[in-house]
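# Fold and geometry: a report
One-letter residues, chain by chain:
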Amino acid sequence: MTENNQQRLDLTAFSEKMMQVRQQIGTVVVGQSRAVDLLLTAVLADGHVLLEGVPGVAKTLLARLMARLIDARFSRLQFTPDLMPSDVLGTSVFNMKEAEFDFHQGPVFADIVLVDEINRAPAKTQAALFEVMEEKQATVDGVTYPMGDLFTVIATQNPVEQEGTYKLPEAQLDRFLMKVVMSYPPANLEIVILKRHHENTRLTKLDDIQPLLSRDEVLQFRSLLNEVVFDDSLLQYLVSVIQLTRTSKEVFLGASPRAGVALLKASKAYALLQGRDFVTPDDIKFVAPSVLQHRLILTAEAEMEGYNAARLIDKLIDQVEVPQ
């Protein structure tokens, strides 16, 4: 791979803005720097995100904070077992005065949509949401309504408590650019969290946070991806990783070509986030587990050996020769 230290893009303003966003998030959410970088990467790559973690690790807080920092239309959906597709998409109401039906938009018609506990709604409601995520449009009563250019879904899911939940099918999980697993913070950072709550005056409230990014700025930053250099040798490296997921004896269902496209976009977005206009192997390695783990189905033998998808992806990547 030919390294290119000569930047073709002036990323000064972009990098300053991203640093401000990271710092602002750090005043509210502690100990989740990796999840923050991955969430920012997904937003830059124009992709939807599934945040997974046990209760209390700030999944919803991080999603709400990200929406707060972007000056755009925001809506929140709490998925429950009795939620209907019309509660998501909206419904047509008969207008007596005009003698015709008026469409009342549902909460999915926003720029940033937070879906809490996405696996608690029945399959029909999930399917209604996933159609909008894939097509960026909703069809109600035969009429198609397009979403805005910024339309992004940030969904949360609890992997532990499965009673009363509906497992997301693999085909629908594939609609998410990334699955970001939020784990417990290390002990030193958990002390910081407790100190902030003990000294209540140091807590930053969401209502006090002002947007740092305009809707147009986010769209402008997304357009920078088209200028990011992706060397041919890195394309071969990326494809080798994807191919290996299909031939590994530990994997029952490997990554699709769509997964390869997602990995390409996410790698370019993460490179930008690091202040570079070219992708390195480390960019691919960093985003690969989050891009691929929800797209793979492991064999029963691999699971019995203690593998999970993210750990297996790290193992497979180490088997691929890094381009020089």
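Our structure is the block above this text.
Summarised in this report is the structure supplied together with it. Just so it is clear, the structure is predicted and the values come from calculations on it, not from any experiment.

## Observations regarding the overall build of the protein
Of regular secondary structure, the protein possesses 13 helices and 13 strands. Taken over the C-alpha trace, the protein has a radius of gyration of 21 Å; the compact-globule value for 324 residues is 20 Å, and the two agree within 12%. C-alpha extents for the protein along the principal axes are approximately 70 × 50 × 45 Å. In the protein, buried positions account for 50% of the 324 residues. Within the protein, contacts between residues at least 6 apart in sequence are counted, and of these 78% link residues at least 24 apart. On the protein, roughly 16,000 Å² of surface is accessible, and the fraction owed to carbon and sulfur atoms is 51%. When the 32 basic and 43 acidic side-chain charges of the protein are each reduced to a single mean position, those positions are 3 Å apart.

## Focus: empty space enclosed by the protein
The full count for this structure, using the stated rule, is 1 cavity of 30 Å³ or more. Considering only enclosed or pocket space, the largest cavity measures out at about 60 Å³ in volume. Taken together, Met-18, Leu-40, Val-43, Leu-44, Met-66, Ile-70, Leu-213, Val-218 and Phe-221 form the lining of the largest cavity. Going through the elements one at a time, α2 (33-44) and α8 (215-223) are the ones with two or more residues in the lining of the largest cavity. If you tally residues by element for the lining of the largest cavity, the top one is α2, at 3 residues.

## Concerning the packing of helix α9 (residues 232-247) against helix α10 (residues 257-273)
The contact between α9 and α10 brings their axes to 10 Å, and the two run at 140°. Classed by the angle they form, the pair α9 and α10 counts as oblique. In the crossing of α9 with α10, the sense of the turn from one axis to the other is right-handed. Here α9 contributes Leu-235, Leu-238, Ile-242 and Arg-246 to the contact with α10, which in turn contributes Pro-257, Ala-259, Gly-260, Leu-263 and Leu-264. Here the residues of the contact of α9 with α10 are counted per class, giving 7 nonpolar, 1 polar and 1 charged.

## Re the pattern of salt bridges
Scanning the entire structure with this criterion turns up 17 salt bridges. Salt-bridge contacts for Asp-46 lead to Arg-222; the nearest nitrogen and oxygen are separated by 3.0 Å. Taken together, the residues Asp-46 in the loop between α2 and β1 (48-52) and Arg-222 in helix α8 connect sequence positions 176 residues apart. By relative accessible area, which is 32% here, Asp-46 ends up partly exposed. The partner of Asp-111 in a salt bridge is Arg-73, with the nearest N and O atoms 3.6 Å apart. Of this pair, Asp-111 sits in the loop between β5 (100-105) and β6 (112-116) while Arg-73 sits in the loop between β2 (70-71) and β3 (74-78), and the two are 38 residues apart along the sequence.

## What about the layout of surface pockets?
Computed from the structure, the largest pocket encloses a volume of approximately 570 Å³. Glu-52, Gln-157, Lys-167, Leu-173 and Lys-179 are, among the 24 residues lining the largest pocket, the residues nearest its centre. The set of elements that each furnish at least two residues to the lining of the largest pocket consists of β1, α6 (170-173), β10 (176-181), β13 (297-298) and α13 (309-318). Its residues assigned to classes, the lining of the largest pocket comprises 12 nonpolar, 7 polar and 5 charged. Its boundaries defined by the atoms lining it, the second largest pocket holds a volume of some 450 Å³. Lining the second largest pocket are 19 residues, with Val-28, Ala-58, Leu-61, Ile-193 and His-197 positioned closest to its centre.

## Some remarks on helix α5 (residues 123-135)
Taking 1.5 Å per residue as the helical rise, α5 with its 13 residues ought to reach 18 Å, and the 18 Å between its terminal C-alpha atoms agrees with that figure. For α5, the set of buried residues is Thr-125, Gln-126, Ala-128, Leu-129, Phe-130, Val-132 and Met-133. Taken from the residues just after α5, Lys-136 is the one with a positive phi, measuring 55°.

## Overview of the pairing of β1
A large share of β1 lies buried, amounting to 5 of its 5 residues. Of the two faces of β1, the one lined by His-48, Leu-50 and Glu-52 and the one lined by Val-49 and Leu-51 are each fully buried. With 5 bridges joining them, β1 and β10 adopt parallel strand pairing. The residue of β10 that forms the bridge with Val-49 is Met-178.

## A short note on the side chain of Thr-152
Examined against the element boundaries, Thr-152 turns out to sit in strand β9 (residues 152-157). Reaching out from Thr-152, the side chain makes a polar contact with the backbone oxygen of Leu-150 at a distance of 2.7 Å. Setting aside its immediate chain neighbours within four residues, Thr-152 contacts Gly-47, His-48, Asp-111, Ile-112, Val-113 and Arg-222.

About the criteria used
Residue numbers restart at each chain and count upward from 1, following the sequence in its written direction. Per-residue local features of the predicted model are confined to residues with pLDDT of at least 70, and side-chain atom pairs are confined, for both listing and counting, to 80 or more; whole-chain, interface and lining totals are unaffected and use all residues. Side-chain descriptors were evaluated using all non-hydrogen atoms of the structure, hydrogens and water having been removed beforehand. Strands here are runs of E lasting at least two residues and helices are runs of H or I lasting at least four, both read from the DSSP assignment and numbered beginning at the N terminus. Here the radius of gyration uses the C-alpha set of atoms, whereas the globule reference equals 2.2 Å times the residue count to the power 0.38. Each residue gets one of three labels from its accessible area relative to the maximum for its type: buried under 20%, exposed over 50%, partly exposed in between, using a 1.4 Å probe on protein chains only. Throughout, a residue-residue contact means that at least one pair of heavy atoms, one from each residue, lies within 4.5 Å. To measure how exposed things are, a 1.4 Å probe is used in the Shrake-Rupley method; for residues, cover is taken only from the protein chains shown. Charged-residue counts in this description rest on Lys and Arg as positive and Asp and Glu as negative, His and the chain ends being excluded. Note that the charge is assigned to NZ on lysines, CZ on arginines, CG on aspartates and CD on glutamates. Method remark: on a 1 Å grid restricted to protein atoms, a set of points is classed as a cavity if a 1.4 Å probe fits but cannot get out and as a pocket if it is open with protein on both sides within 12 Å along at least five of seven lines; lining residues have an atom within 4 Å of a point. Grid points are joined across faces, edges and corners, and a volume is the space filled by probe spheres set on the points. What counts as an axis is a line fitted to C-alpha atoms, over the stretch in contact for a helix, and the angles between N-to-C directions run from 0 to 180 degrees. For classification, angles of less than 35 degrees are called roughly parallel, those exceeding 145 degrees roughly antiparallel, those between 65 and 115 degrees roughly perpendicular, and all remaining angles oblique. Handedness of a crossing is defined here by the sense of rotation of the near helix relative to the far one, left-handed for an anticlockwise turn of less than a right angle and right-handed for a clockwise turn. Three classes are used: nonpolar for Ala, Val, Leu, Ile, Met, Phe, Trp, Tyr, Cys and Pro, charged for Asp, Glu, Lys and Arg, and polar for all others, with Gly counted as polar. Here a salt bridge means any side-chain nitrogen of Lys or Arg lying within 4 Å of a carboxyl oxygen belonging to Asp or Glu. Residue count minus one, scaled by 1.5 Å, sets the expected span of a helix. Here, strands pair whenever DSSP counts at least two bridges between them. Counting of polar contacts relies on pairs of N or O atoms within 3.5 Å, with two restrictions inside protein: one atom must be capable of donating a hydrogen and the other of accepting it, and residues adjacent in sequence are counted only when both atoms are side-chain atoms.

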